[in-house]
Amino acid sequence: MFNTVIDFRDILPQIILASDLQAPPTQPEVCTQQAMWCSRVALRQLQRATVKPLILARAPAGFIQRDTSTLPRVYITRQIPPEGLRILHESGQVQFELWDSDDVPVPRKELLQKVKGVDALLCVLTEKIDAELLDAAGSNLKVLSTMSVGFDHLSLEELKRRGIRVGYTPDVLTDAVAELTVALLLATSRRLIEATHEAKTGGWGTWRTLWLCGHELANSTVGIFGLGRIGVAIAERLAPFKVKKFLYTDMGPRPDLASQINAEYVSFDELAKQSDFLLACCALTPETNKICNKNLFSKMKTNSIFINTSRGGVVNQEDLYEALATNQIAGAGLDVTVPEPLPTDHPLFTLKNCVILPHIASASYSTRNSMSSLAANNLLLGLRREPMIKELKL
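Quantities reported herein were computed from a predicted structural model and do not represent experimental measurements.

A. Expanded view of the overall build of the protein. A tally of helices and strands in the protein yields 14 helices and 13 strands. For the protein, the residues scored as buried account for 48% of the 394 residues in total. Within the protein, contacts between residues separated by at least 24 positions form 66% of all contacts whose residues are at least 6 apart in sequence. Summed over all atoms, the accessible surface of the protein reaches about 19,700 Å², with 54% contributed by carbon and sulfur.

Structure (structure tokens):
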């Protein structure tokens, strides 16, 4: 019931800009939605790189446009933000069908049916792209574009073996993720969620000297596990809080990035021992799977704060629960978990010193629009056999 078939003749004024064949919509609600979604300043860099649309001559009155059935077929697994749909629509280069919902993921059985014979697939991180799906799609599938910076939902070896090109969306979400990480760190270390609950439920009584005291960033040591663009952006935002020292651990020293924030490379054990705030910003790989476990938490300071905005799989959640419940560490802030959504009866939700968010690090209007724009451009360039703006080298 959610599938929608679209070709370049269709007009979707409720979610995309009107074409030359239709007067611009005037309904206030349409204008409001477009204003919310389309932050032109944030998208300016991507728009410079936008694939040049196919130029179509204006058709005379009564002219029947050509059959579009020969255009490459694309399936989109989610109702992506409208900037990406606009780019695909106005390109005139593809016919596409989408699962027209942002609330309910496309059922696996439905997905396996819909990808049959498609030339390209635009997905999000909730869809597992594995051998089963690629077999169902068949040999026509040559391009996969994921609207995500992470790619642990993709079977990269299968994609490589079949010669399928893969586009993804790094960089455009760096600022949003860095901002959210700082917000989560502050909410956790200064116990803001707990304090809000006390204010709402009558726990706010007379002023007390140590009630709801937290931990400051000033004069602290911040450790970053996985120093990439996001790690650097986080450190740049934390520096004005008078952080004393930045440390980092990665597969090896990264002097070019570290020099931007004056960070010191240390071992994983030293990162745990020295950090007052330890931030997981790494990719999920076989090497990092559940690497934040009892061994790490046992080495951390009892007043330290652990933050994860990378992938839930890098944390052993049972070990984290034990460390928090026994006050082995002071607190944890998580934007990612395993599974997602985390069941409401999960033990971590019972802890006052654990703040859990529903994977919203990139959730700003401009960032999500930029991600959909980049994903659409990657897909079109891939179909044209041209270099993608951001392509995974398999």
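After that view of the structure, there is still more to cover.
B. Structural view of the packing of helix H7 (residues 174-189) against helix H9 (residues 229-238). Taken N-terminus to C-terminus, the directions of H7 and H9 make an angle of 50°; their axes are 9 Å apart at the nearest point. When the axes of H7 and H9 are compared, the pair comes out oblique. Of the two elements, H7 crosses H9, and the hand of that crossing is right-handed. Residue-level inspection shows Thr174, Asp175, Val177, Ala178, Glu179, Thr181, Val182 and Leu185 of H7 in contact with H9, the latter providing Arg229, Ile230, Ala233, Ile234, Arg237 and Leu238.

C. Spatial organisation of the environment of Ile80. Inspection of the secondary structure assignment puts Ile80 in the loop between strand S2 (73-76) and helix H3 (82-91). On the basis of relative accessibility, which here comes to 4%, the residue Ile80 falls in the buried class. The spacing of Ile80 and Ser372 is 292 residues in sequence and 6.3 Å in space, taken between C-alpha atoms. Apart from residues lying up to four places away in sequence, Ile80 is in contact with Leu85, Leu122, Met147 and Ser372.

D. Inspection of the nonpolar core at higher detail. Counting residues in each nonpolar core, the largest one holds 27 residues, and the members touching the most others are Leu296, Phe297, Phe306 and Leu320. Breaking this core down by element, the ones donating at least two residues are helix H11 (268-274), strand S10 (277-280), helix H12 (294-299), helix H13 (317-325), strand S12 (331-334) and strand S13 (354-356). Apart from the residues within four sequence positions on either side, Leu296 is in contact with Phe268, Ala272, Leu278, Ile291 and Phe306. Ile234, Leu238, Leu257 and Ile261 belong to the second-largest nonpolar core, a separate cluster that totals 26 residues.

E. Up close: the pattern of salt bridges. Inspection of every chain in the model, using the stated rule, returns 17 salt bridges. The partner of Arg86 in a salt bridge is Glu83, and the shortest N-O contact between them spans 2.8 Å. On the criterion of helical spacing, the pair formed by Arg86 and Glu83 is a turn pair, its members being three residues apart in helix H3. An identical accessibility class is assigned to Arg86 and Glu83; each is buried. With a closest N to O distance of 2.4 Å, Arg229 and Asp171 form a salt bridge. With Arg229 in helix H9 and Asp171 in the loop between strand S6 (165-167) and H7, the pair connects residues that are 58 residues apart, well separated along the chain.

Quick notes on the rules
The residue count restarts for each chain, going from 1 along the sequence in the order it is written. Reporting of local features is limited, given that this is a predicted model, to residues whose pLDDT is at least 70; pairs of side-chain atoms are given and counted only at 80 or more, and all residues count toward the totals for whole chains, interfaces and linings. To get the side-chain values, take all heavy atoms of the structure and skip hydrogens and water. Runs of E in the DSSP output that reach at least two residues are strands. Runs of H or I that reach at least four are helices, and both are numbered from the N terminus. When a residue's accessible area, from a 1.4 Å probe over protein chains only, is under 20% of the maximum for its type it is buried; when over 50% it is exposed; and in between it is partly exposed. Working rule for contacts: check all heavy atoms of both residues, and any pair within 4.5 Å makes them a contact. In short, Shrake-Rupley with a 1.4 Å probe defines the accessible areas, and a residue's cover is counted only from the protein chains shown. In this description, a line fitted to the C-alpha atoms serves as the axis of each element, helices being fitted only across the stretch in contact, and the angle between N-to-C directions of two axes falls anywhere from 0 to 180 degrees. Note on angle classes: values under 35 degrees are labelled roughly parallel, values over 145 roughly antiparallel, values of 65 to 115 roughly perpendicular, and the remainder oblique. Less than a right angle of anticlockwise turn of the near helix away from the far helix marks a crossing as left-handed, whereas a clockwise turn marks it as right-handed. Buried Ala, Val, Leu, Ile, Met, Phe, Trp, Tyr and Cys residues that are joined via side-chain atoms within 4.5 Å together make up what is termed a nonpolar core. Counted as salt bridges are all cases of a side-chain nitrogen of Lys or Arg within 4 Å of a carboxyl oxygen of Asp or Glu.

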